Amino acid sequence: MPGAHPHPPFGHLLPSRAKELKTAPLEGEGTLSNSRKVGVVNEVVFPTPTTDRSERGSVWKAAALLAVIFFVYGLICYPPPSVGEPYYLGKAKNYWDPTWCPHDLFFESANTHLVFYVLFGWLTRFASLTVVSLVLRFAAMLLLASGWMRLGRSLGYSISQSLMWASLFLMLQLAPTFAGEWLIGGAESKLFSYGCLLHCGASFLSGRVYLGAILLGSAILMHPVVGLWGAIAIGATSFLTRQRTTSIWVAAPCFALTMLVALPGLMPAFAVLSAGGLSPESNMIADYIQVFHRLRHHLDPVSLLMPGWVTYGTMLGLIAITWPMSKAAVSPVMRFFLWTMVIAVAGLAIGYAVHPKDYNAYAAMFAEHPTLMKLAMTCLKVYPFRVFDLAVPMTLALLVMDLASRPMSQRMFNRVLPLGIAGLLIAASLIPMDSKNPSFLKPEKSQNWVKTCHWISENLPAEDVFIMPFVDWAFHWHASRSQYVSYKNMPQDAGRLIEWNRRLTLATQWREKAFADKVVTREELAELEKQTQAEYLISDQAVSFEGEVVYRMGEYQVVSLAGAQGSE
């Protein structure tokens, strides 16, 4: 292969004594598969590197088109602020401006995604969070789209086929996911990590191994969890095979280069996992809260929702049916998918083995097998199902695209493609999805909530702390004020995670007691102010307050706690 590295990282696809590459057209004269010349080795098809500027220009134009499709799809299915944007962009803004929401428990917690905050948080000093969201979304979509197109071309597919592959993937993403992972959505660090992984795969396939190593390190840098699982799957795809041909003299410097680039992202993540300074019992409690309570819908296989099991069971069945019929059966994408499934199955086995009936059972398991339980909980905390969640629809979309494009001519395929993209966007608009309304509030209540937040932003002191209703969607985003505690914004470090749980329990129990008779007395408000040192309470319940209600909007009431103790 002209210009290719003598030891491509996907060399296991070639026999140990590879035949000399030769350029030859594919079968089927006049079909879409014959749209370009390829190198053929042992029936495994790879594209020959092209130096045609017009072709490269066409690829980048297609990438720009795909970025627009991704962007529009994201706006439809994940309108800003999407589910994770207040979390990421709020933390990034506070990192660059600590006077913004200065007394918020979540913002005071560890900066797990420090690189994202450092690279992009400065934008929040010059633009609103909504504008920053849109800018970062489009930047991430350009990275993802260009990586997708490069990967498609590196696998030997035409520009049209690569676009159809991406469109089919997005269509499958409209269905319920296995563990809640998505690719196209709001501005989060994982988008940049996945974009780097796509470019990494394309670079490895084209023999640019050192560039691939840098991109793999960049994926870990931007999101350590996504990047590391991706790196393990790519590494297994590349090296852990019977017919390995990759030289250790290439693999070793690639690994070193990857780790060097990844180090600034890994250090904050390892600091959080190590939980230094806390007792083993505190770490055990924090792990239980994270895995089996707050994030159980992502981390605990026993708690994963049934629609995801049905969807992914169906997709895996379709993959098994279409795999033998597709020329993509020997694609590196297929091997990558298998390794992500190995990781997911290992996560399922660990999760089912350690899932406790209650906290007492969990503590007993820890007492009996402390080392094994700590390893198991660490594995579950790093989302073992994450990359598998995307690899399944990505693989099925590739197989379907490959089968569907075989009988079509290039002209026919080009006519069908715009209809498919239009159908995708129409389906995205019509299919109900939780991500379209992450607050789960009805329209009128949602409008009242946003109006309440805006009034707070314009009329109450910036340093004050608020006790929230249970549904406090995007309060930082709309009100720019600190929260005493928020169920959504869970700290990552063990110490503040335990404090988060204490505060959440305190606020919940006070609310249940004080709201029981539909009248909240001054004494009850004084008790709350004493325990929390907060300045205001926001209620969405139909209750009366003896204290000062400074603002009402529909079901929402903003109650001052200042001076409540002095009124006893």
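Residues numbered from 1 in each chain as written. Predicted model: local features only at pLDDT ≥ 70, side-chain atom pairs only at ≥ 80, totals over all residues. Heavy atoms only, no water.

*Asks:* Help me understand the overall build of the protein in this model?
*Replies:* Regarding its fold elements, the protein presents 22 helices and ten strands. Buried positions account for 53% of the 568 residues belonging to the protein. With the model as given, the accessible surface of the protein reaches about 24800 Å², and the carbon-plus-sulfur share is 63%. (Helix = DSSP H or I, 4+ residues; strand = E, 2+ residues; numbered from the N terminus. Buried < 20%, exposed > 50% of the residue type's maximum accessible area, 1.4 Å probe, protein only. Areas by Shrake-Rupley, 256 points an atom, 1.4 Å probe, with all protein chains shown as cover.)

*Asks:* What is the right way to look at the pattern of salt bridges in this model?
*Replies:* Two side chains of opposite charge can pair, provided their charged atoms sit close to one another. Within the structure shown, the criterion is met by nine salt bridges. Its salt-bridge partner being Lys381, residue Asp287 comes within 2.8 Å of it at the nearest N-O pair. You can see Asp287 sitting in helix H11 (residues 280–294) and its partner Lys381 sitting in helix H16 (residues 370–381), a full 94 residues away along the chain. Exposure remark for Asp287: the relative accessible area of 3% places this residue in the buried category. A salt bridge links Lys445 to Asp540; its shortest N-O distance comes to 3.7 Å. (Salt bridge = Lys/Arg side-chain N within 4 Å of Asp/Glu carboxyl O.)

*Asks:* Explain the pairing of strand E9 (residues 549–553) to me, please; I cannot follow it from the model alone.
*Replies:* Across a regular strand the side chains alternate sides, sitting on one face of the sheet and then on the other. When E9 meets strand E10 (residues 556–560), the two strands line up antiparallel, connected through four bridges. Following the sheet pairing, Arg552 is matched in E10 by Gln557. (Pairing = 2+ DSSP bridges.)

*Asks:* Where do I start with the packing of aromatic side chains in this structure?
*Replies:* Aromatic rings in a pair are described by how distant their centres are and how their planes are angled relative to each other. Summed over all chains, the structure comprises 37 aromatic pairs. Considering the side-chain rings of Tyr87 and Phe106, the 4.6 Å spacing of their centres and the 50° angle between planes classify their relative orientation as tilted. Of the two residues, Tyr87 is situated in helix H2 (residues 85–96) and Phe106 in helix H3 (residues 105–108); the sequence distance between them amounts to 19 residues. Across the pair, exposure class does not vary: Tyr87 and Phe106 are buried alike. Within the aromatic cluster, the residues linked to one another by ring pairs are Tyr87, Tyr88, Trp100, Phe106, Phe107, Phe116, Tyr117, Phe120 and Phe192. (Phe/Tyr/Trp six-rings, centres within 6.5 Å; stacked < 30°, edge-to-face > 60°.)

*Asks:* How should the packing of helix H8 (residues 209–222) against helix H10 (residues 248–274) be read in this particular structure?
*Replies:* H10 packs onto H8 with a crossing angle of 25° between their chain directions and a minimal axis gap of 7 Å. Viewed along their axes, H8 and H10 adopt a mutual orientation that is roughly parallel. Here H8 runs over H10; the crossing is right-handed. Judged by residue contacts, Val209, Tyr210, Ala213, Ile214, Leu216, Gly217, Ser218, Ile220 and Leu221 of H8 engage Trp249, Val250, Pro253, Cys254, Leu257, Thr258, Met259, Val261, Ala262, Pro264, Gly265 and Leu266 from H10. The class makeup of the residues in the contact of H8 with H10 is 17 nonpolar, four polar and no charged. (Axes fitted to C-alpha atoms, helices over the stretch in contact; angles between N-to-C directions. Parallel < 35°, antiparallel > 145°, perpendicular 65-115°, else oblique. Left-handed = near helix turned anticlockwise from the far one by under 90°. Contact = heavy atoms within 4.5 Å. Nonpolar A, V, L, I, M, F, W, Y, C, P; charged D, E, K, R; others polar.)

*Asks:* Help me understand the sheet that holds strand E5 (residues 482–483) in this model?
*Replies:* Sheets are built from strands that pair by backbone hydrogen bonding, the pairs being arranged parallel or antiparallel. Strand order in the open sheet made by the five strands is E5-E4-E7-E10-E9, with mixed pairing throughout. Only two strands of the sheet have a single partner each, and these edge strands are E5 and E9. Across four bridges, the pairing between strand E7 (residues 536–539) and E10 is antiparallel. Across the sheet, Ile538 pairs through a bridge with Val558, a residue of E10.

*Asks:* Sorry, what's going on with the pairing of E7 here?
*Replies:* Here E7 shows a buried face lined by Tyr536 and Ile538 and a second buried face lined by Leu537 and Ser539. Strand direction decides the pairing type here: strand E4 (residues 465–467) and E7, joined by two bridges, are parallel. Looking at the pairing, Phe466 lines up with Tyr536 of E7.

Note that every value here comes from positions in space, so none of it alone points to a role or purpose.
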